[in-house]
Amino acid sequence: MQKVTLKIFTLFIFLLIANIISGQSSNVEKFKNDLVILKNTFETKYPSLYRFSNKTSIDKLFEDCLLSVNKKTTERDFYRIIKLILSKIEDGHLGCSPSNTLVKTFNEKEKYFPLSLYFLDKRAFVDCSSINSLPSGTEILEINSKAINNIRQTLFNYIVSDGKIETKKYWILKHSFWFYYNLVYGQQEKFKVKYKDIHGKISFLIVNSDFKKNIECKSLTDKEESKLLDIKYPNANTAILTI
């Protein structure tokens, strides 16, 4: 039986949900039962369920997710549903990991949008790319006729954060746009990209999807890692703490 384990982290405690969420794509009742178990576990073991949303909203969230499960629902679809639920609860310490089988599928079998993007408010730019026609700094306006800001807003629904704070969402999307786009919009062989080059010219380009190993690249916008804290002792009576 495939398993997806949900772990809830808070700043001071580590809580492993007692019930492991499990499901088989051929069995609708298994997935629905898992959602019921998850909701009951949140209600009985998680103290901040209604911190940002009232009970009516949370009940409707789970009801809608239950209704979305059908005979075509796969483990991949179910994972997406769980990501949506956690995001709607609005606790940045929540997280869920796919099963080992699903991880292998993501890493070895599925293909993705081949560009690494970074977002500045409602706009998106190529961070790093192996496609010569779309170098770093190129602004991406649309993907498959969908405005990039609409795509961003949709993907934000599947990324956890505290309340309405979007800083974490932007950071995750910058590093994993390819993953969330694929998870939410599904597998696609080609993408029609509308873009603006550094000279302001707007053009279209068809790009092929590619495997994860071929599209990962070093972000040009990430700063070099440095120590978060540093302490020095210039003399016996003095300490300098740098944050």
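The preceding data block contains the structure.
Conventions used here
Residues numbered from 1 in each chain as written. Predicted model: local features only at pLDDT ≥ 70, side-chain atom pairs only at ≥ 80, totals over all residues. Heavy atoms only, no water. Pairing = 2+ DSSP bridges. Helix = DSSP H or I, 4+ residues; strand = E, 2+ residues; numbered from the N terminus. Phe/Tyr/Trp six-rings, centres within 6.5 Å; stacked < 30°, edge-to-face > 60°. Buried < 20%, exposed > 50% of the residue type's maximum accessible area, 1.4 Å probe, protein only. Lys NZ or Arg CZ within 6 Å of the ring centre and 35° of its normal. Axes fitted to C-alpha atoms, helices over the stretch in contact; angles between N-to-C directions. Parallel < 35°, antiparallel > 145°, perpendicular 65-115°, else oblique. Contact = heavy atoms within 4.5 Å. Nonpolar A, V, L, I, M, F, W, Y, C, P; charged D, E, K, R; others polar.

(A) Layout of the pairing of strand β12 (residues 202-208). Across seven bridges, the pairing between strand β11 (residues 190-196) and β12 is antiparallel. By the bridge assignment for β12, Val193 is matched with Leu205. Between β11 and the antiparallel strand that follows it, β12, lie five residues; Gly200 among them carries a positive phi value of about 95°.

(B) Representation of the packing of aromatic side chains within the structure. Summed over all chains, the structure comprises 16 aromatic pairs. Ring geometry for Phe113 against Tyr181: centres 6.0 Å apart, planes inclined by 40°, an arrangement best described as tilted. Of this pair, Phe113 sits in the loop between β6 (111-112) and β7 (116-120) while Tyr181 is found in helix α6 (residues 167-185), placing the two residues 68 residues apart along the sequence. Of the two residues, Phe113 and Tyr181, neither departs from the other in class, the shared state being buried. Relative to Phe179, the ring of Trp178 lies with its centre 6.0 Å away and its plane at 80°, an arrangement referred to as edge-to-face. Residue Trp178 shares its accessibility class with Phe179, and that shared class is buried. In this structure an aromatic cluster arises from ring pairing among Tyr79, Phe106, Tyr112, Trp178, Phe179 and Tyr180. Cation over ring: Arg152 sits above Phe156, and NZ or CZ is 4.9 Å from the ring centre. Across the ring face of Phe204, the terminal group of Lys192 is positioned such that the distance to the ring centre comes to 5.0 Å.

(C) Expanded view of the packing of helix α2 (residues 55-68) against helix α3 (residues 75-89). Axis separation between α2 and α3 bottoms out at 11 Å; the angle between their running directions is 170°. Put simply, α2 runs roughly antiparallel to α3. Contacts between α2 and α3 involve Ile58, Leu61, Phe62, Cys65 and Ser68 on the former and, on the latter, Ile81, Leu84, Ile85, Lys88 and Ile89. Here the contact of α2 with α3 is composed, by residue class, of eight nonpolar, one polar and one charged.

So far we have only geometry, and geometry alone does not tell us how the molecule works.
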